[in-house]
There are 2 protein chains.
Amino acid sequence: RKEQCSSACLCDSGSNYFLSLSFRAAGMNGNGPTKLVDPLEDPVPGVGTYEDFNTIDWVREKSKDRDRHREITNKSRQSTVALLHSVSDAFSGWLLMLLVGLMSGALAGGIDIAAHWLTDMKGGVCLIGFWFNHEHCCWTSNETTFQERDRCPQWQSWAELITGTSEGAFAYIVNYLMYIFWALLFSFLAVTLVRAFAPYACGSGIPEIKTILSGFIIRGYLGKWTLIIKTITLVLAVSSGLSLGKEGPLVHVACCCANILCHLFTKYRKNEAKRREVLSAAAAVGVSVAFGAPIGGVLFSLEEVSYYFPLKTLWRSFFAALVAAFTLRSINPFGNSRLVLFYVEFHAPWHLVELAPFILLGIFGGLWGALFIRANIAWCRRRKSTRLGHYPVIEVLVVAALTAVLAFPNSYTRMSGAELISELFNDCSLLDSSQLCGYKQVCNSLADRPAGKGLYTALWQLALALVFKMLITVITFGMKVPSGLFIPSMAIGAIAGRLLGVGMEQLAYYNHDWFIFKGWCSPGADCITPGLYAMVGAAACLGGVTRMTVSLVVIMFELTGGLEYIVPLMAATMTSKWVADAFGREGIYEAHIRLNGYPFLEPKEEFEHSSLTVDVMRPRRSDPALAVLTQEGMTVGEVEALVESTHYSGFPVVVSKESQRLVGFALRRDLLISIDNARKRQEGIVSASQVVFTEHAPSQAPDAPPPLRLRGIMDLSPFTVTDHTPMDITVDIFRKLGLRQCLVTHNGRLLGIITKKDILKHMAQIANRDPDSILFN
Amino acid sequence: RKEQCSSACLCDSGSNYFLSLSFRAAGMNGNGPTKLVDPLEDPVPGVGTYEDFNTIDWVREKSKDRDRHREITNKSRQSTVALLHSVSDAFSGWLLMLLVGLMSGALAGGIDIAAHWLTDMKGGVCLIGFWFNHEHCCWTSNETTFQERDRCPQWQSWAELITGTSEGAFAYIVNYLMYIFWALLFSFLAVTLVRAFAPYACGSGIPEIKTILSGFIIRGYLGKWTLIIKTITLVLAVSSGLSLGKEGPLVHVACCCANILCHLFTKYRKNEAKRREVLSAAAAVGVSVAFGAPIGGVLFSLEEVSYYFPLKTLWRSFFAALVAAFTLRSINPFGNSRLVLFYVEFHAPWHLVELAPFILLGIFGGLWGALFIRANIAWCRRRKSTRLGHYPVIEVLVVAALTAVLAFPNSYTRMSGAELISELFNDCSLLDSSQLCGYKQVCNSLADRPAGKGLYTALWQLALALVFKMLITVITFGMKVPSGLFIPSMAIGAIAGRLLGVGMEQLAYYNHDWFIFKGWCSPGADCITPGLYAMVGAAACLGGVTRMTVSLVVIMFELTGGLEYIVPLMAATMTSKWVADAFGREGIYEAHIRLNGYPFLEPKEEFEHSSLTVDVMRPRRSDPALAVLTQEGMTVGEVEALVESTHYSGFPVVVSKESQRLVGFALRRDLLISIDNARKRQEGIVSASQVVFTEHAPSQAPDAPPPLRLRGIMDLSPFTVTDHTPMDITVDIFRKLGLRQCLVTHNGRLLGIITKKDILKHMAQIANRDPDSILFN
């Protein structure tokens, strides 16, 4: 289990398990459920289930669910018990959503509180109870004034506790060392727990969830161990001060909750397609609790992670996202009755001229996004291919130590990512004592003011923090700890935005009469809001990295709560996406999916090449003919020999080898299970028995062994396309119907087969990439 | 043109054009573009276009667009001009969206202002200029105080103007008569203009737009005449005081704008699929300007009207919706810098106990929705089948007169629907002088107060208004004037909600110590907000009628701007949908689509029956064999005879009649056009010429006429399913790929054909409806 993970997991440790796995998968992937036509025949156990690391067949799964539903509806007319069963079945989806929302909201609240506490632990301890965080500790103190809320005698920094004083170089060094000690301890615990109990718990999880939602199976990826370990290690990783966020992992946590709760309901436990509907909703829940943005969460699920998103799911996702948001709010982890630390309210409007700096921020975000993806992928590739990948614990410890050593001296890197963003988004009020609001006081007004000494210091520190964050995030994302990318990306954008905002503000203050400021920015007016620039910058950088658009704007809209600021956000996000797309159309998640060789058919991108299906299908012209079964005339021994001599996951059944007219499709796994089962249970089945796929058994010699009838496991409605079908249409069919394979015919004769893997390999070839990087089917 | 409309239009005048049209359509519908495989062969003009009242082939249209895009991309590498062309092509979609947003926003602003002015005209006139509305007129007056903003000497009611006094019974009668006069005049103008110039301009337009977006073609439905006439008559109809709203028609107006603007860009003019992407965005724009809710508009388009909604469209819709909202806001039609008349801000929170009345409102909304749909459909059916439908002008005048006579005495029916909703949503402030706030004054507080005489009068009037609105809306919706259903439905719900809200408030005031109020509603507290009840009621009724869910909640959320009230709205909307669905799963728009016999395959509903494709396909067992073409061996004369003796829209091409192996599919229209063209232009093509569909012409006798090669018009990749495919899968394929027809094979031999119409007829049969009600293909 651990070995499987370490190859499939985002944070790969450089081994070559991948290749061996892919061979195993290719040799064994007999997936795809089948429709049993003979109701009298008992289904053989195992028929219609999937192997690990394989793709499900959406059409069959949905058809199976409709059969189940039809049966329940028909029965409900017969008795009251059946009617009640039918009603409870109809409402089980809603109940499940409610549970997912409650559980995810509660977990997110717990994570927030624990992370807050452990983060504060790095700085000091509460004397009246070590389980209080800094803010809580001082709440109980009577000596605290409103202005210095965070200073109280009950809370002592480590230097105070150990040396008795918080002044001087020695105290500073003690605090410094304690900070590094805790960072190392937390990160060591995180990486060790992940490696020991749930290797799947590392990374952000979004690339894997995208792949799973598209129909792939990774057993255990959403299991209970992953949930427990990810929750604990996420708190540790965030508290360790590493440049990572909790937003992506929260999506993974919510999906784990949903997957575990699915086991309570037969409807969802037994059907892979139905379960994926619930997981789509869970992704929305994850973002909803991460940003306090239920609508944004639903749109995130729709835009970014989901593959199959029917309207029913839209409505249920929305419900679950709201339940989660309200659960989290009733826990109130930040004590401000908001769902996030960085909720903001701006008051000043923006002017059309400001669109120019906003678009500049968009360009910065796009460039940073493109650069980050390249650098991070290159680093992850290096981790995979060199010895670096063999020492994940040491890697984490080194990065944590580096981060702690460099971060402590600068107050903007010392604080957590969310706090930093909150401070940068904030508009300066008159009473604000933060360094960022270190303006020269001018007659008690909120208007644009000249920068004072405090602000200049802050600007220098922010510039240094920007460079530091940009470099450290590249090597942090992808390590063997839970790590989200939203907060670091937003922090980088927010710093850049705030710097530009303050710059604009000073420019406007000292140059009121310039033609660009004339008319809207008279002296004494509050024209520029640096906090808004920070917000726009954050959106631009996050957009550049993830290529989210609508959902990102809506999340930001829910943070500010005013339509007013949508236009700046939109201008920046659009520019950022266009600029980043010019350097490569993949977002960070798609890039990691490709790096890991998952079989993911991107639904957003159009297939632009003009090839025909005949160019992509197997067998190629030089290959041996397609391995087929005939509907009668083959013996059990021949079928077994054929199955064993090849590694295909399924075999077309034809009328006869000469005519090559297609009858159906039988899956390898089902064939093997059925023959095995028949040999054990059915009397007289020997190697010489005929295998019959027809409806009526043909007449046989009287002394021949009884035939083995396998029509039940054959799919009688395989999808076909003609050899002349343009590949863009074939790709469209695969995407929209969620196929795993499709048969190719020419003038009514079977010619070949095309699988999802073939398509992905072909696409890789067109893009001049290694087609063998696609590992799974 | 007019005749076509009167049959296709929602507001049908009872004729039997339908049937004749459907025969014409069945005989002539050679639609579906084709892929020309021979690049040397010039495409024959007309090949690949569609007849009116036919369904497009989504797959081919999208494939055509990809071909076009590929060509532009390839060319762009050759020259700078081509590169610029490629860039402008890529940005043309955004430019188009900008234009659609600007134009729709401006039109909506104009409609708002004009309707406001004409509505006030019914009451009186401004002496300083008749073009001022009541509010504008009094703005210029200095004598107006804040409290009596709407009373000033410049504005005179008709009684004042004619009799010189506004007091007394005589003045009342004069005003009454003038009110009826204007109502009749406006409605007469509206219905006459619609009948004379643009019959398609009537109704709400949403059922037709849904059908068009699903791939149907109704020429002229989104044309410039429809736009002009609909804009003018919408103003007239709203001003006439009829029980209708402008929200639905605004969606139609926005779609007309989009369709007209599409003609500026080749990419969208020539491709039906691409144009439908723009129309989806336009539907979002329509709702965005109707409710000032850009996000709600996008979700409305996604949930309610769109069929094919790729992510690219999501992003562009959002952009267009925002542009439109900002355009409308800069016009500021209501003078409150809001986009709608009924923007609200509540301050008091709600309590969990209140969920019970909210759910009650949901039940009311659901019941009303189900009842309204039945009653309205029954009435529309009666209009179609009896002589009533022959006199649309008289019908409108009678209903307008009835509405005016009954509405004038009651101030809540006299005011426009939007004003009524605005008043009902409003929370009573201390200074509020409206009757609805006629509480007994208790020590200047905003807390719950006992109802006074004014409020009791208001309650009686509201109850009467509720009954009146419920009855009159049933016969109004579907008349031959532009008529939206959103405002009347919301008004009904808002009245019911407000009544319940005031009831709850009084109950709480007089029974503070009841166990249900204990603990949260102490004396002197402001526990119940009747305005919130009105809002929840409005959402419930609108939900019951249209079956919208997420989009409705988001629209309401954007009206209030607080996450706080989403839970009540959601509870009511969910209940309302469930209750209404129990009486019939169709919303009002789907019911009207069915009434008109449009070929609309509902994407939301699952196909639950267990039939197989072989049960639905043609030919049936008793029918003559399928009409097919052979790939060689038929003469031009034989092909023409076959085409003329049948009314099918396309013919499968097989290798030979004996083998029945499928080669391709040729459309009737393309066949006729090509043969006609060849006879005129190509030398030696006579009835005895061979028609050849193969790649290489077969050898012929030397004296034979030259063969007619038609491989170019044949679709080489027709979709096929096997006869054993369960119908649920086939329906899924039709829906997801947007097919018009699909061929059915058995063991590799062609067996039959299944079309969208066959599926719809089959579904009608299962639901015990008349299968012949499906009129178009």
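Going by the structure above, here's the rest.
Counting of residues starts from 1 at the beginning of each chain's written sequence and follows it residue by residue. Here every chain gets a letter starting at A, and every ligand a number starting at 1, in the order they are written. Local features in this predicted model are restricted to residues of pLDDT 70 or higher, and side-chain atom pairs are both shown and tallied only at a pLDDT of 80 or more, whereas totals for entire chains, interfaces and linings draw on every residue.

### Section: the interface of chain A and chain B
Thinking step 1. Each partner contributes residues to the interface: chain A has 46 residues there, and chain B has 47 residues.
Thinking step 2. In DSSP terms, a helix is any run of H or I states spanning at least four residues, a strand is any run of E spanning at least two, and both are numbered starting from the N terminus. When residues of the side of chain A that touches chain B are traced back to their parent elements, those giving at least two are helix 3 (58-76), helix 13 (294-305), helix 14 (311-331), helix 22 (550-560), helix 23 (566-582), strand 6 (662-667), strand 9 (720-722) and helix 28 (727-737) of chain A.
Thinking step 3. Classification used: nonpolar for Ala, Val, Leu, Ile, Met, Phe, Trp, Tyr, Cys and Pro, charged for Asp, Glu, Lys and Arg, polar for all others including Gly. Counted by class, the side of chain A that touches chain B contains 22 nonpolar, 13 polar and 11 charged residues. What counts as a contact is two residues whose backbone-derived C-beta atoms lie within 7 Å of each other.

### Side note on the packing of helix 12 (residues 272-291) of chain A against helix 14 of chain A
Residues and elements named next belong to chain A.
Thinking step 1. The angle between two axes is taken between their N-to-C directions and runs from 0 to 180 degrees, where each axis is a line fitted to C-alpha atoms and a helix contributes only its stretch in contact. One can describe the packing of helix 12 onto helix 14 by two numbers: an axis separation of 8 Å at closest approach and a directional angle of 35°. Seen along the crossing, helix 12 lies across helix 14 with a hand that is right-handed. Judged by residue contacts, E277, S280, A281, A284, V285, S288 and V289 of helix 12 engage T313, R316, S317, A320, A321, A324, A325 and L328 from helix 14.
Thinking step 2. Each residue belonging to the contact of helix 12 with helix 14 can be placed in one class, and the counts come to 9 nonpolar, 4 polar and 2 charged. The sense of a crossing depends on the near helix, which, turned anticlockwise from the far helix by less than a right angle, makes the crossing left-handed and, turned clockwise, makes it right-handed.

### A closer look at the sheet that holds strand 4 (residues 634-635) of chain B
Residue and element names in this part refer to chain B.
Thinking step 1. The strand order 4-7-8 describes an open sheet built from 3 strands, whose pairing is mixed. The two strands at the open ends of the sheet, each matched to only one other strand, are strand 4 and strand 8 (708-709).
Thinking step 2. Any two strands are treated as partners once DSSP identifies two or more bridges connecting them. Taken together, the 2 bridges between strand 4 and strand 7 (residues 690-692) define a ladder with antiparallel strand orientation. By the bridge assignment, M634 is partnered in strand 7 with V691.

### Considerations on the sheet that holds strand 5 (residues 650-654) of chain A
All names here are of chain A.
Thinking step 1. A sheet is described by the order of its strands in space; here 3 strands give the open sequence 3-5-6, paired in mixed fashion. Two strands lie at the open edges of the sheet, namely strand 3 (629-630) and strand 6, each paired on one side alone.
Thinking step 2. Inspection of the sheet shows strand 5 paired to strand 6 by 5 bridges, in the antiparallel sense. Within strand 6, the residue paired with P652 across the bridge is F665.
Thinking step 3. Seen against the sheet, helix 27 (residues 668-681) touches strand 5 and strand 6 and runs at an angle of roughly 75° to strand 6.

### Overview of the relation of the copies chain A and chain B
Thinking step 1. Only residues with pLDDT of at least 70 in both copies contribute their C-alpha atoms to the least-squares superposition of the copies. Least-squares fitting of chain A to chain B yields an RMSD of 0.1 Å, with the superposition described by an axial translation of 0.0 Å and a rotation of 180°. Accordingly, the operation relating the two chain copies is best matched by a two-fold axis. Considering only C-alpha atoms, the residue of chain A closest to the rotation axis is G748 of chain A, which sits at 2.7 Å.
Thinking step 2. Mapped onto chain B, 100% of the interface residues of chain A again fall at the interface, so both copies present the same surface.

### Some thoughts on the pairing of strand 10 (residues 741-746) of chain B
Residue and element names in this part refer to chain B.
Thinking step 1. Remark: C-beta atoms are placed from the backbone, and a residue is labelled buried if 20 or more other C-beta atoms sit within 10 Å of its own, exposed if 12 or fewer do, or partly exposed between those counts. In terms of residue burial, strand 10 counts as a mostly covered element, since 5 of its 6 residues are buried.
Thinking step 2. Relative to strand 10, strand 9 (residues 720-722) is paired through 3 bridges, and the arrangement is parallel. Within strand 10, the position partnered with V721 by the bridge is V744.
Thinking step 3. A crossover links strand 9 with its parallel partner strand 10, the connecting element being helix 28 (residues 727-737), and its sense is right-handed.
Thinking step 4. Note: strand 10 against strand 11 (residues 749-755), 6 bridges, orientation antiparallel. Of the residues in strand 11, the one forming a bridge with V744 is G752.
Thinking step 5. Between the end of strand 10 and the start of strand 11, which pair antiparallel, lie 2 residues, with N747 showing a positive phi angle near 45°. Orienting the strands away from the viewer, one traces the path from the first strand over the helix to the second; a clockwise path indicates a right-handed crossover.

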